[in-house]
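# Architecture and fold: a report
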Amino acid sequence: MRRIESGLNTNSALYKRYREHNLAMMADFHQRQDNARHHRPERDISRLRNQNKMLPRERLELLLDPGTPFLELSSLAAGEAYGGAAPGASCITGIGVVAGREVLINASDSSVKGGAWYPLTVKKIVRALDIAIDNRLPVIHLCDSAGGFLPLQSHLFGDKYMAGRIFRNQSQLSKLGCQQLSLVFGHCTAGGAYIPALSDYSVIVAGTGAVFLGGPPLVKAATGEDVSVDELGGARMHTSVSGTCDYYAASEREAIALGREIVMQWAQPPKFALQRETPEEPYYDPDELYGIIPDTTKAGFDMREVIARMVDGSRLAEYQPDYGTTLVCGFANLWGYKVGIIGNNGVLFNDSSLKAAHFMELCNQNRVPLIFLQNITGYMVGKEYEQQGITKHGAKMIMVQACSEVPKFTVMTNGSFGAGNYGMCGRAFDARYLFSWPNSQISVMGSEQAANTLATVKIDQLRRTGEAPDPEQIEAIRQAVLADYENQTSAYYSSSELWDDGILDPVATRNALGIAISTSLNTPFGEPRYGVLRL
Amino acid sequence: MRPQYRINGCLHEVVPKRQGHTRRIGIDGRDLDVAQVAADQHRGTLIVAGHRYAYHVAQDDGTLYIHLGGRHFEVGIVDEFQAAGRHDADGDGDLRAPMPGVVEAIYVAVGDRVAAGQPMLLIESMKLQTEIHAPVAGTVSAINVEVGGSFQRNALLVAVAAASEEHP
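Residues numbered from 1 in each chain as written. Chains lettered and ligands numbered in written order. Predicted model: local features only at pLDDT ≥ 70, side-chain atom pairs only at ≥ 80, totals over all residues.

### Thoughts on the overall build of chain B
A count of helices and strands for chain B gives two helices and 16 strands. The buried share of chain B, taken over its 168 residues, is 14%. Within chain B, residue pairs in contact and separated by at least 24 positions form 40% of the contacts whose partners lie at least 6 positions apart. (Helix = DSSP H or I, 4+ residues; strand = E, 2+ residues; numbered from the N terminus. Buried ≥ 20, exposed ≤ 12 C-beta atoms within 10 Å, placed from the backbone. Contact = placed C-beta atoms within 7 Å.)

Spelled out as structure tokens, the structure:
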């Protein structure tokens, strides 16, 4: 396979300008992530210490195999919601290694509001368990949650993808043969009680751990019965009387040691035999990505320069290099794994859409996972393109993509606007994992275009009622729309709302994808099969 | 395609013929039995037709530097694509619009000498700014657009008289 020949000039003024801009953006991103992970009011930390509890990340540190990577998911979930009250959506999810097994971690973050479930907490847990289902991952739940955040209960309880989905997903996981272990560090009350109860194995910590459908105050109110926490759902009772939990632990440390011993007994199913080579670092330095990504979504860049800093040996076997050139397609290896890469190099035209559809068919036929590198302002508009069938060609691309049986992975590298988001495997299209770069933006159309469209609509409305459009009023509408867009198109907003599985520093993308691909191999890839393609 | 190596400046064809503990390789049509006992990444013993040679090797990108039996060899792999020769980009010096759009900036003037691939125009279309590069090296002979002006697909934006036409 040939190495990509980089045309990047690291001495150019543009490279330096982009690099300076992006390094500042990365510093801000890492600061936000560090705050979400570690910055807590002293009283919350001392409350946990007084209860003889470890901080959630201290538990993870003990549980995970030393020296192994932990791919944290959605670390900035809820970052832009609830006035910042629930950093990380008060839970920690991710892929890690325990006793040599790849596992999905779902840990309550009791250092945030006692680990209470906000609506976005529920969304984050449901998404983590969806990932476990898609990738057949065993799950370890670290339970220490105060339960649903009652002031927002109507946003987290009744609907299909709300709290009930957690237990539905746990049941489905079990049916698929994925083991689950619960380590009960704190109270698991009401719905939360089903997390250990639906797990194959559970360990409960004496003194602090408890499992019950209703706590003592609720029992008192409902039936008048006076009962202590320990009698009602403590470690001794559940491990020797009810059989709701399996192992009694005198301390959190012992619970974690027991947990590791349990996981050590789990079977390790063989991985799908995807073509593999010996992994090799990229030839070009991934650090140069900071000088490639522009400081605006308006400016284009050659996606090959990004691919060259992501794949093994910077080598790409490019497919149809002279056809549909606004899309780069090709085969490469990433951490040794064979992958098919589809990256935007401009607007999607008729030919680039057909190229994408055909390339995805090749990947499905050859059982090669697909990586989508999104930087897309949309499908081309205009009479000439419509007459040539741009809409039906785009539909073919969407159909083949949506029906692809091979695992898909999406990275938002810059812009993601309009239907381009769909064709390139946006959130709605079940990528196994979708990651965003801090600079990336998502919206149904560009902010300028949206502001102008809404202004035009307003002018037409005024004209219909016989009023003359007031330029100041129009400008006010434009500015209001622009301000809203500013916030809601940003990667921080997307990630806060769980439209992705987390924001990545571009240089970390290669490793994150390596872990993601590895998890996708727990189940064989299916036979290619599509719906009706409008030819 | 038979693999080619440049050994101390001379091209040789080297074809592996058998895998396993001992390898038979064909060098320029002559077969040799070869075995290698590597001590580590950089040292070992090479056994060629029963004779043992200690070797030291270092790699710099695609080139191997080998000391063997008191002699020095520089071995480079000849890329299949290099050996096959590359097809040149076809086309003339006419720079046509890849899509409808608006001109944002013009970097060159009529009479300027340009290198192939040099940025000549910045256009904007579909919220995306794209630099348009010189298709060939030569002299700018015409600029048919102005900043702020719009154009249709395939419109002739800039013409470059190829250098080879000027200097036959």
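That covers the picture; the talk isn't over yet.
### Brief notes about unusual backbone geometry
All names here are of chain B. The phi dihedral of Met 126 is positive, around 55 degrees, even though this residue is not glycine. Along the chain, the position of Met 126 falls in the loop between β12 (119-125) and β13 (128-133). Accessibility expressed as a C-beta count within 10 Å gives 24 for Met 126, which makes it buried.

### What to know about the environment of A:Gly94
Residues and elements named next belong to chain A. Relative to the elements of secondary structure, Gly 94 occurs in strand β2 (residues 91-98). According to the C-beta neighbour criterion, Gly 94 is buried, with 23 such atoms within 10 Å. In this structure the C-alpha to C-alpha distance between Gly 94 and Asn 11, which are 83 residues apart in sequence, comes to 39 Å. Excluding its chain neighbours within four sequence positions, the residues that come into contact with Gly 94 are Phe 70, Leu 71, Glu 72, Leu 73 and Ile 105.

### Quick notes on the domain arrangement of chain B
As far as domains go, chain B holds domain 1 (4-84) and domain 2 (94-166). Placing a centre on the C-alpha atoms of domain 1 of chain B and another on those of domain 2 of chain B gives a separation of 50 Å. (Domains from an automatic or database assignment.)

### Quick word on the sheet that holds strand β10 (residues 101-106) of chain B
Residues and elements named next belong to chain B. Strand order in the open sheet formed by four strands is β13-β12-β10-β15, with antiparallel pairing between adjacent strands. Looking at which strands have only one partner, the edges of the open sheet turn out to be β13 and β15 (150-151). In terms of strand pairing, β10 meets β15 through two bridges, oriented antiparallel. Across the sheet, Val 102 pairs through a bridge with Ser 150, a residue of β15. (Pairing = 2+ DSSP bridges.)

### A closer look at the nonpolar core
Residue and element names in this part refer to chain A. Counting 149 residues, the largest nonpolar core has Leu 104, Ala 132, Val 139, Leu 183, Val 184, Ile 204 and Ile 307 as its most contacted members. Considering every element that reaches this core, the biggest residue donor is helix α4 (residues 119-135), with eight residues. The contacts of Leu 104, once residues within four sequence positions are left out, are Ile 95, Ala 128, Ile 131, Ala 132, Leu 137 and Val 139. (Core = buried A, V, L, I, M, F, W, Y, C linked by C-beta atoms within 7 Å.)

### Some remarks on the interface of chain B and chain A
The partner chain A presents 14 residues to the 10 residues of chain B that form the contact. For the side of chain B that touches chain A, the leading source of residues is β13(B), giving three residues.

### Overview of the domain arrangement of chain A
Accessible area lost upon the coming together of the parts serves often as the stated size of an interface. Its domain assignment divides chain A into domain 1 (51-264), domain 2 (286-444 + 490-520) and domain 3 (447-488). Using only C-alpha atoms to locate each centre, domain 1 of chain A and domain 3 of chain A end up separated by 48 Å.

### Quick notes on the packing of helix α16 (residues 447-464) of chain A against helix α17 (residues 471-488) of chain A
All names here are of chain A. Two numbers describe how α16 lies on α17: the axes approach to 9 Å, and their chain directions differ by 145 degrees. In terms of crossing hand, the pair formed by α16 and α17 is right-handed. Contact residues: Ser 447, Ala 450, Ala 451, Leu 454, Ala 455, Lys 458 and Ile 459 in α16; Ile 474, Ile 477, Arg 478, Val 481, Leu 482 and Tyr 485 in α17. Each residue belonging to the contact of α16 with α17 can be placed in one class, and the counts come to 10 nonpolar, one polar and two charged. (Axes fitted to C-alpha atoms, helices over the stretch in contact; angles between N-to-C directions. Left-handed = near helix turned anticlockwise from the far one by under 90°. Nonpolar A, V, L, I, M, F, W, Y, C, P; charged D, E, K, R; others polar.)

### A word on the pairing of strand β11 (residues 327-334) of chain A
Residue and element names in this part refer to chain A. Most of β11 sits inside the fold, with eight of its eight residues counted as buried. Side-chain alternation along β11 places Leu 327, Cys 329, Phe 331 and Asn 333 on one buried face and Val 328, Gly 330, Ala 332 and Leu 334 on a second face that is also buried. Across three bridges, the pairing between strand β10 (residues 317-319) and β11 is antiparallel. Its bridge partner being in β11, Ala 317 is matched across the sheet by Phe 331. Sheet topology note: the β11/strand β12 (residues 337-344) ladder contains eight bridges and is antiparallel. Each residue of the ladder has a partner; that of Cys 329, found in β12, is Ile 342. Once β11 ends, the chain turns through two residues before running back antiparallel as β12, passing Trp 335 with a positive phi of about 50 degrees.

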